[in-house]
Amino acid sequence: MHIRAITATMCALGLSVAAVGAVPEHFQPRAKELLADSIELEESEHQLNVIYFVGNDREPLADYERRLSELLLYVQQFYGKEMARNGMGAHSFGLQMQENGNVKIHVVRGKKKHTEYAYGTGHNACLEEVNAYLDAEPGRRTSQHSFIIMPTYYDEQYNDMNPGGVPFYGLGINCFALDYAHFDIKHLGQNTPEGRLLTKWYGGFAHELGHGLNLPHNLGTVSDNKAYGTALMGAGNYTFGMSPTYLTLPSCRILATSETFVPKGYKAKFYSQYESPTIKQCSFKRVGDTLELYLETDANVVNVNAYIQDPPFQVNQDYDAVPFACTMSRNATAHTTAFVSMPLAEMATLRHLKKGELALDVLVQTYDGSRFRWRIPFDLSKVPADGSIDMGLPMFWRGY
Ligand code: ZN
């Protein structure tokens, strides 16, 4: 009733209905129910490019625009609510909206058969064509971030109850997810085959999108997991929609300076070739049952996160990394100082905590959204209760 009243007023004023997050009339009842408690999101300076990509021998699946609009708006609300809960304001990734309240989804038809855009390597050809499409007309590209959705294969292996075959992962500023006939929010939270299938693929959709919006993996601290459930960027792709799933504060700090999250008026050349941060001073200590990181760096730095993780330290072995946010201050000499306190009790989920073989990942983020990582392996069993841990020389790499 309340939303209808606002919608009526907005329409009378000739404003975009989508701007207040009102639920479009043509959405199905379950979507209206799930979006009824939507919060008003801050307008973003940039929007995510949403692409529905099909091979030249395929068509988008039935009703894709309404289904994906409902799913995208619900995920946008999830991110916005988690940002607000973490004290970062009601910011979420921006979406281009249409007059009727649907999300603007660009259909891009590939030059080749759908089998040429398969899981594993097919993303290369797809990205090339998507980027050519986005850059072909001014105003089409609304940010550097693209979310690309492809319909499932239908063959001996894949079908609507076992979708797959297409790319499904985050790759820097791009990410891939899939569509199938039952990919519909009406199944959310239902203990049915379609409901369980939806959590798997919708959780994956929300998780891969997180990667595409700059998020690394992280599991969450013991306290946060107890209070809020499962971190989306940990194992939350298996719980989203079924049981409580959340974004950690360090994840939200990254999103605050992600291109599609920054509010109207935030001007920066995103992910420009800003050189590595300068470290003016740093220390990493064990103080009783807490690890403490202190970092003094240059004024381009807007955030520092610390992650403690188990070996192996390779890509995709970091789902269990326990994240910690910093308290930060800037002094008159334009230095940024960050302090991170990491109680050992908060990382009890780490398998190697007792053995001692761990690594600290320092993630330094600059005003243009760039992230720099510096990994410091250490052996906790050899660190005295009040001792320093050797950080070595700053060895940053760009990206995650
Ligand atoms: Zn992942």
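Residues numbered from 1 in each chain as written. Predicted model: local features only at pLDDT ≥ 70, side-chain atom pairs only at ≥ 80, totals over all residues. Heavy atoms only, no water.

1. A few points about the sheet that holds strand E16 (residues 371-379)
Next, step 1: Spatially, E12-E11-E15-E16-E18 is the arrangement adopted by the 5 strands of the open sheet, whose pairing is antiparallel. Of all the strands in the sheet, the pair left with one neighbour each is strand E12 (322-325) and strand E18 (397-398).
Next, step 2: Across 9 bridges, strand E15 (residues 357-366) lies against E16 in antiparallel orientation. Counterpart to Leu363 in the pairing with E16 is Arg373. (Pairing = 2+ DSSP bridges. Helix = DSSP H or I, 4+ residues; strand = E, 2+ residues; numbered from the N terminus.)

2. Regarding the pairing of strand E10 (residues 290-297)
Next, step 1: Most of E10 sits out of view: 6 of its 8 residues are buried.
Next, step 2: Two elements, strand E9 (residues 279-287) and E10, share 8 bridges in a ladder whose sense is antiparallel. Residue pairing in the sheet places Ser283 in a bridge with Tyr294 of E10.
Next, step 3: The antiparallel hairpin formed by E9 and E10 contains 2 residues in its connecting segment, where Gly288 sits at a positive phi of about 65 degrees.
Next, step 4: With 8 bridges connecting them, E10 and strand E14 (residues 336-343) associate as antiparallel partners. By the bridge assignment for E14, Tyr294 is matched with Phe339. (Buried < 20%, exposed > 50% of the residue type's maximum accessible area, 1.4 Å probe, protein only.)

3. Notes on the coordination of the zinc ion
Next, step 1: Listed as protein donors to the zinc ion are His207 (NE2), His211 (NE2) and His217 (NE2); their distances from the metal cover 2.1 Å.
Next, step 2: In terms of primary sequence, the donors binding the zinc ion are separated according to H-x3-H-x5-H. Taken together, the residues His207 in helix H5 (residues 193-212) and His217 in the loop between H5 and helix H6 (222-228) connect sequence positions 10 residues apart. His217 matches His207 in its accessibility class, with the two residues each being buried. (Donors = N, O, S within 2.8 Å, 3.2 Å for Na, K, Ca; no water.)

4. Digging into unusual backbone geometry
Next, step 1: Between Pro311 and the following residue, Pro312, the backbone shows a cis peptide bond with an omega angle of -5 degrees.
Next, step 2: Considering the arrangement of structural elements, one finds Pro312 in the loop between strand E11 (301-309) and E12.
Next, step 3: With phi around 60 degrees, Asp63 is a residue other than glycine that occupies positive phi space.
Next, step 4: Relative to the helices and strands, Asp63 is located in the loop between strand E1 (47-54) and helix H3 (64-85).
Next, step 5: Residue classification places Asp63 among the partly exposed positions, given a relative accessible area of 45%.
Next, step 6: Positioned with a positive phi, Tyr271 is a non-glycine residue whose angle comes to about 55 degrees.
Next, step 7: Owing to a relative accessible area of 14%, Tyr271 belongs among the buried residues under this scheme.

5. Quick word on the confidence of the model for the protein
Next, step 1: Averaged over every residue, the pLDDT of the protein is 91; residues scoring 70 or more account for 94%.
Next, step 2: Taken together, the stretch residues 1-20 has pLDDT below 50 and engages in 14 contacts with residues farther than four places along the chain or on a different chain. (pLDDT = per-residue confidence, 0-100. Contact = heavy atoms within 4.5 Å.)

6. Thoughts on the pattern of salt bridges
Between side chains of opposite charge, a pair can form when the charged atoms approach closely.
Next, step 1: Taken as a whole, this structure holds 18 salt bridges when the rule is applied.
Next, step 2: Of the charged contacts in the structure, one is a salt bridge between Arg30 and Glu33, with a shortest N-O distance of 2.9 Å. Note that Arg30 and Glu33 are positioned in helix H2 (residues 29-35) at a spacing of 3 residues, about one turn of the helix.
Next, step 3: Between Arg109 and Glu59 there is a salt bridge, with its nearest N and O atoms 3.3 Å apart. In this pair, Arg109 is assigned in strand E3 (residues 106-109) and Glu59 in the loop between E1 and H3, connecting sequence segments 50 residues apart.
Next, step 4: Taken together, the shared-partner salt bridges in this structure form one network comprising Asp63, Arg66, Glu70 and Asp184. (Salt bridge = Lys/Arg side-chain N within 4 Å of Asp/Glu carboxyl O.)

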